[in-house]
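# Geometric and topological summary
In case you want the letters, here they are:
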2 protein chains.
Amino acid sequence: MRQRMKCVEVAIVGAGAAGVGVGIALQDLGLNNFVIVDRGRVGESFRRWPREMRFITPSFYSNGFGLLDLNSVSPTTSPAFTLGEQNPTGLQYAAYLEALATYRHLPAETKTNVHSITRDKNGRFLLRTDREDYEAQYLIWGTGEFQYPNRCPFVGSEHCVHTSCVQSWAELSGSEFAIIGGFESGVDAATHLASTADRITLIDRNPIGISDDPDPSGSLVPTSALRLRDLLDRDKLVLRPDFHVVAVERTSDAFVIRSHADDRVTVSSPPLLATGFLGGQTLIQGLFENDPEGFPMLTPQDESVKTQGLFLVGPKVRHEGLLFCFIYKFRQRFAVVAAAIGERLGVDTSDFIDYYREAGMYLDDFSCCGESCEC
Amino acid sequence: MRQRMKCVEVAIVGAGAAGVGVGIALQDLGLNNFVIVDRGRVGESFRRWPREMRFITPSFYSNGFGLLDLNSVSPTTSPAFTLGEQNPTGLQYAAYLEALATYRHLPAETKTNVHSITRDKNGRFLLRTDREDYEAQYLIWGTGEFQYPNRCPFVGSEHCVHTSCVQSWAELSGSEFAIIGGFESGVDAATHLASTADRITLIDRNPIGISDDPDPSGSLVPTSALRLRDLLDRDKLVLRPDFHVVAVERTSDAFVIRSHADDRVTVSSPPLLATGFLGGQTLIQGLFENDPEGFPMLTPQDESVKTQGLFLVGPKVRHEGLLFCFIYKFRQRFAVVAAAIGERLGVDTSDFIDYYREAGMYLDDFSCCGESCEC
């Protein structure tokens with residue numbers, strides 16, 4: 001069995017924005033003995049977005065003046081330029097990632113399902129897949145969240161439809177809907193449903209649409225806040241903030257959504273779950289230790305505190321309370337991970353780090369992050 | 001006469017994006033003995049945009065992760081945050097500038113018309129206005145372009161309407177229009193006119209909408225290119241590229257637009273001029289020397305090569321063929337100008353320069369600018 005394994009220095013799991021980006025960073029550092037494994041295609045999660053969904057972070061080709069396109073995953077590319085779009089759809093963004101993977105000849109093994117990940121006595125990672133198996137010195141986990149929807153947040157979740165499973169909002173018919181989860185994806189769902197529905201109830205355990213947090217991870221982005229206001233102005237929307245759903249029950253002709261205070265919302269069509277995503281780390285659950293809030297505990301190099309040689313890239317990275325949940329945030333850690341691996345492999349990383357830092361893609365000092373606006 | 005003059009270290013002419021931004025830079029350097037003079041209000045040019053016109057550079061509050069909002073004019077603010085908009089209108093952007101001026105207590109003397117600018121024997125600048133007069137050691141010119149439309153590019157221009165003079169596209173009636181100038185403002189005009197007009201002819205001396213230049217100064221931004229394509233798909237638009245207008249003639253019932261090759265376009269309503277803007281430096285024409293392409297010749301500190309102590313800020317700044325014609329470009333020169341003045345006044349500028357450089361608002365090395373995209 002052992003002989004049939006392919007040896008690589010680094011295995012990356014996930015060929016999305018994080019996997020492609022960190023793969024390019026490895027290449028830029030001169031490391032080429034790696035593989036990117038994904039059970040789907042390059043950018044699979046983006047391909048599965050509802051057709052109408054678009055990036056909330058705008059792309060613009062400002063690279064030439066030191067402002068890297070917010071949705072770029074490498075220092076010299078721009079989705080705005082490649083796609084000719086300001087707010088790309090998921091399908092368009094997948095095309096950008098695919099173009100990048102092709103152009104850079106990334107060693108992406110797509111449609112390859114990882115069955116198990118174990119470690120041998122030397123600390124090497126053994127990846128069993130339904131195609132080739134791999135033995136890797138270092139493992140970078142970059143599977144993202146979208147393919148791991150939070151489907152079962154309460155009793156009766158099986159009566160609901162998670163927003164990530166909707167191919168197009170146009171396919172849902174009905175005059176009334178209830179959406180559980182009032183943040184970005186809930187507001188996006190409400191906007192598209194409003195073109196046919198008369199009445200949409202938006203439910204959240206927290207306040208909806210009200211936040212003074214200037215950081216887009218903590219409040220609706222301006223375009224979403226405007227869409228929310230527009231729906232309210234058009235009398236399409238009922239907000240149910242501070243409504244903590246504990247169960248959904250199906251009756252003969254309706255669905256009843258119940259809160260912890262036994263408030264009820266009744267709706268004729270299956271409630272929609274805009275409840276976000278789980279980490280996607282189930283395969284390697286034992287290799288990460290989570291903090292009390294459920295985020296993997298990481299070293300300053302984004303290495304698992306529990307498993308040496310295992311790194312995390314993507315939207316679940318968190319440091320000092322800062323969540324790297326947008327592409328323009330988590331891409332600033334690709335080079336940190338690549339450099340950590342490069343140094344252990346004896347590669348000189350100084351020029352590489354300068355290059356990425358210059359491009360705005362190397363963040364190792366969080367002191368200036370998350371500051372609020374003057375006015 | 002001399003006694004009644006108010007003495008300042010620096011006079012800034014123009015309270016738009018450039019004037020407000022460089023004023024804040026002076027403050028951040030500890031220089032407070034200055035005045036900003038404008039014949040209109042703060043952000044006057046933006047207030048005069050057609051009501052429907054929006055920024056083509058998207059705003060996003062990514063400041064907290066080292067990516068300053070593309071339309072910010074100071075290191076710690078974001079129009080996306082202040083206005084709650086991704087692509088603000090001119091009126092909204094003026095509100096952002098006004099909020100900034102108020103918050104920072106900028107010494108803005110608005111509704112003050114500068115009649116003449118002369119120099120005394122000590123090289124001081126004497127500004128005569130219809131209100132207070134000023135004597136300044138240094139003069140920063142930041143009047144922008146929008147209030148100086150290129151109204152007379154050819155014979156018969158008087159029969160035309162410049163796009164910057166349109167308050168709202170909804171006020172123009174007619175079923176057919178011709179627009180002379182096929183770049184950003186021409187496409188914007190066509191888009192809004194198309195909601196009522198049946199047929200719009202877009203005329204340009206160059207190719208229209210086709211460019212491989214990734215820099216937004218040299219090609220339509222993605223949103224505009226998409227709007228152009230949409231108009232063509234809807235059969236609303238006729239393109240007349242490579243049509244060099246030499247004259248517009250008025251007949252009894254129409255307007256005839258003639259090209260250098262004696263091609264003709266006939267239209268029933270006054271042709272619209274989307275022919276851009278002049279420099280606005282007429283008041284100080286003698287103090288700048290222009291290069292053969294009409295751009296003021298500047299030192300590496302953006303000082304007039306002809307007049308010591310006179311600096312230029314805003315979209316007419318050009319170095320090594322790079323045009324700083326977007327806010328995210330020309331704002332990177334505010335601190336260069338402020339530091340040049342500060343050094344001559346004996347102020348230590350090193351912390352200030354570090355602060356602005358860190359914020360992405362200090363560009364003195366153009367070698368990495370304007371590079372093209374990998375893919």
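Conventions adopted
Residues numbered from 1 in each chain as written. Chains lettered and ligands numbered in written order. Predicted model: local features only at pLDDT ≥ 70, side-chain atom pairs only at ≥ 80, totals over all residues. Heavy atoms only, no water. Phe/Tyr/Trp six-rings, centres within 6.5 Å; stacked < 30°, edge-to-face > 60°. Helix = DSSP H or I, 4+ residues; strand = E, 2+ residues; numbered from the N terminus. Buried < 20%, exposed > 50% of the residue type's maximum accessible area, 1.4 Å probe, protein only. Least-squares fit on C-alpha atoms with pLDDT ≥ 70 in both. Contact = heavy atoms within 4.5 Å. Buried area = accessible area lost by both parts, 1.4 Å probe. Salt bridge = Lys/Arg side-chain N within 4 Å of Asp/Glu carboxyl O. Nonpolar A, V, L, I, M, F, W, Y, C, P; charged D, E, K, R; others polar. Pairing = 2+ DSSP bridges. Axes fitted to C-alpha atoms, helices over the stretch in contact; angles between N-to-C directions. Polar contact = N/O pair within 3.5 Å; in protein donor to acceptor, adjacent residues only side chain to side chain. Core = buried A, V, L, I, M, F, W, Y, C linked by side-chain atoms within 4.5 Å. Parallel < 35°, antiparallel > 145°, perpendicular 65-115°, else oblique. Left-handed = near helix turned anticlockwise from the far one by under 90°. Arc of directions from axis to C-beta.

Chain A is annotated in an unreviewed UniProt entry as Putative oxidoreductase CzcO from Kolteria novifilia.

For the structure on display, the rule yields 32 aromatic pairs over all chains. Ring centres 6.1 Å apart and planes at 70° place the aromatic pair phenylalanine 326 of chain A and phenylalanine 60 of chain B in the edge-to-face group. With phenylalanine 326 of chain A in the loop between β17 (322-323) and α7 (327-330) and phenylalanine 60 of chain B in the loop between α2 (44-47) and α3 (79-83), this pair bridges two chains. Each member of the pair phenylalanine 326 of chain A and phenylalanine 60 of chain B is classed as buried. Every member of this aromatic cluster is reached through a ring pair, and the members are Phe60 and Phe65 of chain A together with Phe324, Phe326, Tyr328 and Phe366 of chain B.

Before going further, it helps to spend a moment on the relation of the copies chain A and chain B. Note on the identical chains: chain A maps onto chain B by a rotation of 180° and an axial translation of 0.0 Å, with an RMSD of 0.0 Å. Look at the turn and shift together and you get a two-fold axis relating the two. Mapped onto chain B, 98% of the interface residues of chain A are again interface residues, and the two copies thus contact each other with one and the same surface.

Before going further, it helps to examine the interface of chain A and chain B. Taken together, the contact pairs 52 residues of chain A with 51 residues of chain B. Across the interface of chain A and chain B, roughly 4,300 Å² is buried in total on both sides, 67% from carbon and sulfur atoms. Our count for the chain A to chain B interface comes out at zero salt bridges. Looking at the side of chain A that touches chain B, the elements that each hand over two or more residues are α3 (79-83), α4 (90-103), α6 (222-233), β17 and α7 of chain A. Tallied by class, the residues present in the side of chain A that touches chain B amount to 28 nonpolar, 16 polar and eight charged.

Moving on, we get to the sheet that holds strand β12 (residues 255-259) of chain B. Residues and elements named next belong to chain B. Read across the open sheet, the three strands follow the order β11-β12-β13; overall the sheet is antiparallel. At either end of the open sheet lies a strand with only one pairing partner, and these are β11 (245-250) and β13 (264-267). Each adjacent strand pair in this sheet contributes to an overall mean axis angle of 20°, direction not counted.

Looking now at the pattern of salt bridges. Summed over all chains, the structure comprises 36 salt bridges over all chains. Its salt-bridge partner being arginine 258 of chain A, residue aspartate 262 of chain A comes within 3.2 Å of it at the nearest N-O pair. Overall, the relative accessible area of 39% leaves aspartate 262 of chain A in the partly exposed class. Overall, the relative accessible area of 22% leaves arginine 258 of chain A in the partly exposed class. Residue glutamate 249 of chain B is joined to arginine 258 of chain B by a salt bridge in which the shortest nitrogen-to-oxygen separation is 2.5 Å. What emerges from the salt-bridge pattern is a single network uniting Glu249, Arg258, Asp262 and Arg264 of chain A.

Residues and elements named next belong to chain A. With antiparallel pairing, three strands are arranged side by side in an open sheet as β11-β12-β13. Looking along the sheet, the strands with just one partner apiece sit at the ends: β11 (245-250) and β13 (264-267). Ignoring which end each strand starts from, the neighbouring axes of this sheet average 20° apart.

Bringing the side chain of serine 78 of chain B into the picture now. Residues and elements named next belong to chain B. Within the secondary structure, serine 78 sits in the loop between α2 and α3. Given a relative accessible area of 0%, serine 78 falls into the buried group. Within the structure, the side chain of serine 78 is placed 2.7 Å from the side chain of aspartate 69, a separation counted as a polar contact.

Notably, lysine 111 of chain A is not glycine yet its phi reads approximately 50°, a positive angle. Note that lysine 111 of chain A resides in the loop between β3 (108-109) and β4 (114-119).

Judged by nonpolar contacts, the single largest core of 158 residues is most densely connected at Val73 and Ile140 of chain A together with Val73 and Ile140 of chain B. With sequence-adjacent residues up to four places away left out, valine 73 of chain B is seen in contact with Ala17, Val20, Gly21, Tyr93, Tyr96, Leu97, Leu100, Ile327, Phe334 and Met361 of chain B.

Residue and element names in this part refer to chain B. For the pair helix α1 (residues 17-28) and helix α4 (residues 90-103), the least separation of the axes is 11 Å and the interaxial angle reads 25°. By the angle between their axes, α1 is roughly parallel relative to α4. α4 is crossed by α1, and the crossing has left-handed handedness. On α4, the residues touching Ala17, Val20 and Ile24 of α1 are Tyr93, Leu97 and Leu100.

Time to look at helix α9 (residues 350-358) of chain B. Residues and elements named next belong to chain B. Within the span of α9, buried status applies to Phe352, Ile353 and Tyr356. One face of α9 carries all of its buried residues, which in axial projection span an arc of 95°. Of the exposed residues in α9, those oriented more than 90 degrees away from the buried face are Asp351 and Glu358. If you follow the buried residues of α9, they end up packed against α1 and α8 (334-344). Glycine 360 occupies a position one or two residues after α9 and carries a positive phi of about 80°.

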